[in-house]
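This is what each chain is made of:
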Amino acid sequence: MNLLKIKQAILALDAGELRELNSYVVDRSKQLGREKKTEFYIGQKIECQGSIFTISKLNRSKAKCIKDTTGERYNIPFQMMSEA
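Let me sum up the structure you'll find in this document.

Rules behind the numbers
Residues numbered from 1 in each chain as written. Predicted model: local features only at pLDDT ≥ 70, side-chain atom pairs only at ≥ 80, totals over all residues. Heavy atoms only, no water. Helix = DSSP H or I, 4+ residues; strand = E, 2+ residues; numbered from the N terminus. Buried < 20%, exposed > 50% of the residue type's maximum accessible area, 1.4 Å probe, protein only. Polar contact = N/O pair within 3.5 Å; in protein donor to acceptor, adjacent residues only side chain to side chain. Patch = residues over 30% accessible without salt bridge, like charges linked within 9 Å, V, L, I, M, F, W, Y side chains within 5 Å. Areas by Shrake-Rupley, 256 points an atom, 1.4 Å probe, with all protein chains shown as cover. Salt bridge = Lys/Arg side-chain N within 4 Å of Asp/Glu carboxyl O.

## Describing the side chain of Q44
Part 1 of the reasoning: Among the secondary structure elements, Q44 is positioned in the loop between helix 2 (15-37) and strand 1 (45-48).
Part 2 of the reasoning: We classify Q44 as buried; its relative accessible area is 4%.
Part 3 of the reasoning: In this structure the side chain of Q44 is engaged in a polar contact, spanning 3.1 Å, whose partner is the backbone nitrogen of Y41.

## Some thoughts on a nonpolar patch on the surface
Part 1 of the reasoning: Taken together, M1, L3, I6, I10, L18, L21, Y24 and V25 make up a surface patch of nonpolar side chains, about 780 Å² in accessible area.
Part 2 of the reasoning: Counting residues per element, the ones that place at least two in the nonpolar patch are helix 1 (3-10) and helix 2.
Part 3 of the reasoning: When residues of the nonpolar patch are assigned to their parent elements, the largest contribution, 4 residues, is made by helix 2.

What follows is the structure in structure tokens.
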């Protein structure tokens, strides 16, 4: 099933079914984030939205990162990160 068919099917759902679907989607998103966390470690260079960062701490769902060019600190979700 492609994304267009899924979107069309969602239009036919009632409020209770939408709440159940939302719960499932949120749980799946969290699961993917937990799985992706294992790919990273403290001190690693990562890329997010075209900028390079260094991981300073790994939290449950996000990493504390320092932007290499400015030294600013950011909390970045694991799903937005990729290896630099």
